[in-house]
Amino acid sequence: MQVTLVQLAATLDSAANRAQVEARLSDLDGPGLVVLPEATMHDFGPADHDLAAVAEPLDGPFVDLIAREAKRLGSTIVAGMFERTDDLPYNTLVVVAPDGDLAATYRKIHLYDSFGYRESERLRAGEIEPVVVPVEDLTIGLMTCYDLRFPELARALVDRGADAFVVPAAWVAGEHKAEHWRTLLRARAIENTVWVAAAAQGGSRYTGRSLVADPWGTIVEEAAGGDELVTAQVAVDAVRASRDVNPSLANRRISTP
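What counts and how
- Residues numbered from 1 in each chain as written.
- Predicted model: local features only at pLDDT ≥ 70, side-chain atom pairs only at ≥ 80, totals over all residues.
- Heavy atoms only, no water.
- UniProt positions renumbered as here; feature names shortened; annotations may be inferred.
- Helix = DSSP H or I, 4+ residues; strand = E, 2+ residues; numbered from the N terminus.
- Core = buried A, V, L, I, M, F, W, Y, C linked by side-chain atoms within 4.5 Å.
- Buried < 20%, exposed > 50% of the residue type's maximum accessible area, 1.4 Å probe, protein only.
- Contact = heavy atoms within 4.5 Å.
- 1 Å grid on protein atoms, 1.4 Å probe; cavity = no way out; pocket = protein on both sides within 12 Å on 5 of 7 lines; lining within 4 Å.
- Points joined across faces, edges and corners; volume = space filled by probe spheres on them.
- Nonpolar A, V, L, I, M, F, W, Y, C, P; charged D, E, K, R; others polar.
- Axes fitted to C-alpha atoms, helices over the stretch in contact; angles between N-to-C directions.
- Parallel < 35°, antiparallel > 145°, perpendicular 65-115°, else oblique.
- Left-handed = near helix turned anticlockwise from the far one by under 90°.
- Pairing = 2+ DSSP bridges.
- Expected span 1.5 Å × (residues − 1).

Things to note about the UniProt feature "domain: CN hydrolase" (unreviewed entry) in the protein
Next, step 1: According to UniProt, the positions carrying the feature "domain: CN hydrolase" (unreviewed entry) are residues 1–236.
Next, step 2: The straight-line gap between the two end C-alpha atoms of residues 1–236 is 9 Å; of that span, 23% is helix and 29% is strand.

This is the structure in structure tokens:
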């Protein structure tokens, strides 16, 4: 299956972001999986920016655009948005199937209360319910940005059948951050013998470095910091082969609840 990661820098103008997504997807064609970053709908902005005021429902203009593009491409698209509620919004991933239907949502479980920032003051955490979705011959497990630092979520996704992790992110730049990003993505691939496809926001605020890692933890394709497309072929056969040689999942003596 072809996986395309769309690295971009979102703005505080939701309409402009939709136009950017449409332009970036205009040259793509054919089936597969397309992954857009966390907060593609609308950037986080400064800490005092009211995300509740800009959040959209799941039938709003952002998801409508993703649905049209998925149907045009005949691809599954994963993209990040802020989902409206009657209080603080969710940090949500939407998965739209090739027919344009909403196949799944994942509301970020682990909010980024770290490195001097408190995401929980602006957004609400999702229920502790790992989400997996079949896409062609793979089963993808969904994680968002800070979730990457919690290996128990990754293991719960594998226990639900995931053989690939999809990780949209807006990984804030800073000391140690790019090293953490690359190391954690490779570690989640190695310890779970899965593919990892991570689409990050680029630009000056974020690290970029969207990448695809194989079930051995080898980075097969990687972006730098700007607006880029990363394309790779992923196959379930590679997962099976790595697990035959490295059956660490089968050898576990401690299981997740």
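With respect to the nonpolar core
Next, step 1: Residues L33, V78, I140, L142, F165 and W181 are the most contacted members of the largest nonpolar core, which totals 52 residues.
Next, step 2: Every residue in contact with V78, bar those within four places of it in the chain, is listed here: L33, V34, V35, L36, L93, V94, V95, I140, L142, V166 and P168.
Next, step 3: One finds V6, M41, A55 and I66 within the second-largest nonpolar core, a separate group that totals 32 residues.

Considering the environment of P31
Next, step 1: When you line up the elements, P31 lands in the loop between α1 (14–25) and β2 (33–35).
Next, step 2: Overall, the relative accessible area of 59% leaves P31 in the exposed class.
Next, step 3: As a C-alpha pair, P31 and F62 span 31 residues in sequence and 21 Å in three-dimensional space.
Next, step 4: Setting aside residues no more than four positions away along its own chain, P31 makes contact with Q2, L73, G74, S75 and E136.

Digging into empty space enclosed by the protein
Next, step 1: Scanning all chains against the criterion turns up 1 cavity of 30 Å³ or more.
Next, step 2: The calculated volume of the largest cavity comes to roughly 50 Å³.
Next, step 3: Taken together, M1, V3, L33, L138, I140, A164, F165, V166, W195, V196, A197 and V234 make up the lining of the largest cavity.
Next, step 4: For the lining of the largest cavity, the secondary-structure elements that each account for two or more residues are β9 (138–142), β10 (164–169) and β11 (195–200).
Next, step 5: Per-class residue counts for the lining of the largest cavity are 12 nonpolar, no polar and no charged.

Examining the packing of helix α4 (residues 151–159) against helix α5 (residues 177–192)
Next, step 1: Direction vectors running N to C along α4 and α5 enclose 40 degrees, while the axes themselves pass 11 Å from each other. Here α4 lies oblique to α5, going by the angle between them. At the point where α4 passes α5, the crossing takes the right-handed sense. Only R188, E191 and N192 of α5 make contact with α4, whose side of the interface consists of P151, A154, R155 and V158.

Focus on the sheet that holds β10
Next, step 1: Strands sit in the order β8-β9-β10-β11-β12-β13 across an open sheet of 6 strands; the sheet is mixed. Edge strands, defined here as strands with exactly one partner in the open sheet, are β8 (132–135) and β13 (219–222). The sheet shows a mean angle of 20 degrees between the axes of neighbouring strands, taken without regard to direction.
Next, step 2: Across the sheet, α5 is in contact with β10, β11, β12 (211–213) and β13; its angle to β11 comes to roughly 155 degrees.

Side note on the sheet that holds strand β14 (residues 228–233)
Strands belonging to one sheet form pairs held by backbone hydrogen bonds; the direction of such a pair is parallel or antiparallel.
Next, step 1: One open sheet holds the 6 strands; their spatial order is β5-β4-β3-β2-β1-β14, and the pairing between them is mixed. Whereas interior strands pair on both sides, the edge strands pair on one side only; in this sheet they are β5 (102–107) and β14. Neighbour-to-neighbour, the strand axes of the sheet open up by a mean angle of 20 degrees, direction not taken into account.
Next, step 2: In this structure, strand β4 (residues 90–96) lies alongside β5, joined through 5 bridges in antiparallel fashion.

A few points about the environment of G226
Next, step 1: The residue G226 is located in the loop between β13 and β14 in this model.
Next, step 2: C-alpha separation for the pair G226 and L184, spaced 42 residues apart in sequence, amounts to 21 Å.

Regarding the side chain of Q20
Next, step 1: Secondary-structure assignment places Q20 in helix α1.
Next, step 2: With residues up to four places along the chain from it excluded, the contact list for Q20 reads L8, A9, A10 and D227.

Examining the layout of surface pockets
In this approach a probe as big as a water molecule rolls over the atoms, and the regions it shows empty are the leftover space.
Next, step 1: Estimated volume of the largest pocket: approximately 260 Å³.
Next, step 2: Around the largest pocket, the lining comprises 20 residues; the ones closest to its centre are Y112, Y117, A170, V172 and K177.
Next, step 3: When the residues that make up the lining of the largest pocket are grouped by side-chain class, the tally is 11 nonpolar, 2 polar and 7 charged.

Let's talk about helix α3 (residues 61–73)
Note on helix geometry: an α-helix contains 3.6 residues per turn, so any two residues three or four positions apart are oriented the same way.
Next, step 1: Between its first and last C-alpha atoms α3 spans 18 Å; for 13 residues at 1.5 Å apiece the expected length is 18 Å, and the two agree.
Next, step 2: Along α3, the residues that are buried comprise F62, V63, L65, I66, A67, E69, A70 and L73.
Next, step 3: For α3, the elements touching its buried residues are α1, β2, β3 (76–83) and β4.
Next, step 4: G74 occupies a position one or two residues after α3 and carries a positive phi of about 70 degrees.

Structural notes on the environment of D244
Next, step 1: Summarising the element assignment, D244 is placed in helix α6 (residues 236–245).
Next, step 2: Distance in space between the C-alpha atoms of D244 and G30 is 32 Å, their sequence separation being 214 residues.

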